[in-house]
Amino acid sequence: MLLKSLRLIVCAVLAVGVLQATPAQAAGRTIWVVDDTVFKLKITNDPTTATGCPVADPNSTLLATYAGAAGLRTAVNDAQPGDTVILCNNSASNRATFDLSTLAATGDPNARTLQATVALAIIGQTNVTALRPLISGGGVVRPFIIAASAADVVSITGVTITNGVAGGSGDNCATTGACGGGIKVASGQLRISKSVLRDNTAAGSGAAIAVTAAASATVTVESSAFIGNAATIHGGAVYNLGNNTVSVLNSTFNGNAANTGAGAVVYDNSGTTTVDYITAVDNYGATAVVAGARVTVRNSVLAQKSHQTPLCDNLVSLGTGNLVTALGCSGVVAYTAGAGATSSGYLTYSQLRLGRLYTPANVGVPYFRLLTGSAAIDFIAVDGLSLN
C-alpha cells in the first residue's frame, strides 16, 4: 500500500473519528459480539463506550447475548438483512480473538465457518487506537463463506483474518472445497477495507480469497494487506475462478505463495481483476507473481528482493504507472527519473528504496514505507497527493 492510502485514512479519521464500514442496504440490528464468554454487562440505559461496545461490570449477573466464537457464528449465520455486527474486546489492553476451531466439529465441513447469506456489515476495529480483532480458523477451519444474493453487499472492516484452511485436494473449487482458505466467495458482493489477511492456506487455489462463483460475484478490497498466504496451485492471495469482478486498491502483498501454479498475488483467467496502487514485495511461486489474461495492473510497485519468481506472465495487462524490478512484464521500459507515470518502468530494487514492512502504531494496516530518494515518489501518480 503506497502512502496515498495512509493519507486518506488519516484524513478520514480526522473528519469522523471512527472507522466506518460500507453501510448495508437495509436498516437492521446492531449486534455486539464480545470475545469473552463470561463477559458481564453493566446494567444501564446506554450500555456503550466510546468505541460502541458494551461496558463490562464484574458485579453484574447479565451475560452478553453474543459471546466468543459461537456468538460470532450465530450473529453472522443468523443475520437479518442490514445487520451490523461489531466485534468487541473485554479488555482494552488485549486484542479480541475469535477462534472458530474451538467450536464443536460436526459432519458438515463448514459447520464452524461464518456464512454470510444476506447484506451485512462486520466491523472489527471501531476506533483507530484499538487493536484489530482476529478471526482465526485455528489452522483447521475456513473463516468465511460469502453466499449472498447478487445484489447483497457483505462488508468487512478493520479485522485480521488468519490461519484459515481450505482442505481437500485438486483445483475443482466447486466440488472439493480446496479453494479460499480465508474467504470463499460463492455469490454476492464482498467489500473488505482496512483489514489484514495473513497466514491462510489452500490445498487448491486462492489461499486468502477465492471467488468461486461461476459469474456475477463482485469483490472489492481497499487499504488492506495480504501477508504470508500460501496456495498449493494458483492465487497465493487472490484467485478469481469465474466471470466475476475483483478490484484491489491501495493494498500491500508480501510473502504470498502459489507453490505449484501461477499468481502468487493474483490469478484470473476468466473474469476481470484490476489492481491499482498496490505494493507487492517478495511474493513467490512456480511461474509468476501476477498471472492470467484477465488481470490489469496500474500505478503499482512489483518488486523482488529475495525471490526470483518472475513478476508477470505473458498474459497480464500491465497498464501505466508501474515500477517493476525484473524484466518479463510486457510494456515495460527503462525507468527514467522524473519521467512521470506515462508508462511502466524497470529499475533495480535498490532504486525503489523501500523500508521494512511497517504497521503504524501497531494498530494500522501494514505497508512498505517509501524512503527518501525512492524512485516511486516521483513516478507513481497519486491523484495530486505528494508521496514525501
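Above this text you will find the structure in question.
Below: a short report on this structure.

## Quick word on the state of the cysteines
Scanning the entire structure with this criterion turns up one disulfide. Between Cys 312 and Cys 329 runs a disulfide, and the two sulfur atoms are separated by 1.9 Å. What sets the handedness of the Cys 312 and Cys 329 disulfide is the S-S torsion sign, and at about 85 degrees it is right-handed. Remark: Cys 329 occurs in the loop between strand E33 (323-324) and strand E34 (332-334) and Cys 312 occurs in the loop between strand E31 (301-303) and strand E32 (317-318); sequence separation between them is 17 residues. Neither residue differs from the other here; Cys 312 and Cys 329 are each classed as buried.

## Quick notes on the packing of aromatic side chains
All told, the structure shown has three aromatic pairs when counted by the stated rule. Between Phe 226 and Phe 253 the ring centres are 4.7 Å apart and the planes differ by 0 degrees, which places this aromatic pair in the stacked class. Here the residue Phe 226 occupies a position in strand E19 (residues 225-227), and Phe 253 occupies one in strand E23 (residues 252-254), the gap between them amounting to 27 residues. In terms of burial, Phe 226 and Phe 253 fall into one category: buried. Ring centres 5.7 Å apart and planes at 80 degrees place the aromatic pair Tyr 358 and Tyr 367 in the edge-to-face group. Since its relative accessible area comes to 4%, Tyr 367 is described here as buried. Lying over the aromatic face of Tyr 358, Arg 369 brings its terminal NZ or CZ to 3.8 Å of the ring centre.

## Considering the environment of Leu 315
Position of Leu 315 among the secondary structure elements: in the loop between E31 and E32. On a C-alpha basis, the gap between Leu 315 and Arg 294 in space is 7.8 Å, while along the polypeptide they are 21 residues apart. In this view, Leu 315 contacts Asn 269, Gly 292 and Ala 293; residues no more than four positions away in its chain are not counted.

## With respect to the pairing of strand E4 (residues 83-88)
Looking down a regular strand, the side chains alternate between one sheet face and the other. Across the six residues that make up E4, a large majority, five, are buried. The sheet contact formed by strand E1 (residues 30-34) and E4 spans five bridges and is parallel. Following the sheet pairing, Trp 32 is matched in E4 by Ile 86.

## Section: unusual backbone geometry
If you check the backbone angles, Lys 194 has positive phi at about 50 degrees while not being a glycine. Along the chain, Lys 194 falls in the loop between strand E14 (189-193) and strand E15 (196-198). Looking at Lys 194, the relative accessible area reads 18%, which means it is buried.

Criteria and cut-off values
- Residues numbered from 1 in each chain as written.
- Predicted model: local features only at pLDDT ≥ 70, side-chain atom pairs only at ≥ 80, totals over all residues.
- Heavy atoms only, no water.
- Disulfide = S-S within 2.5 Å.
- Helix = DSSP H or I, 4+ residues; strand = E, 2+ residues; numbered from the N terminus.
- Buried < 20%, exposed > 50% of the residue type's maximum accessible area, 1.4 Å probe, protein only.
- Phe/Tyr/Trp six-rings, centres within 6.5 Å; stacked < 30°, edge-to-face > 60°.
- Lys NZ or Arg CZ within 6 Å of the ring centre and 35° of its normal.
- Contact = heavy atoms within 4.5 Å.
- Pairing = 2+ DSSP bridges.

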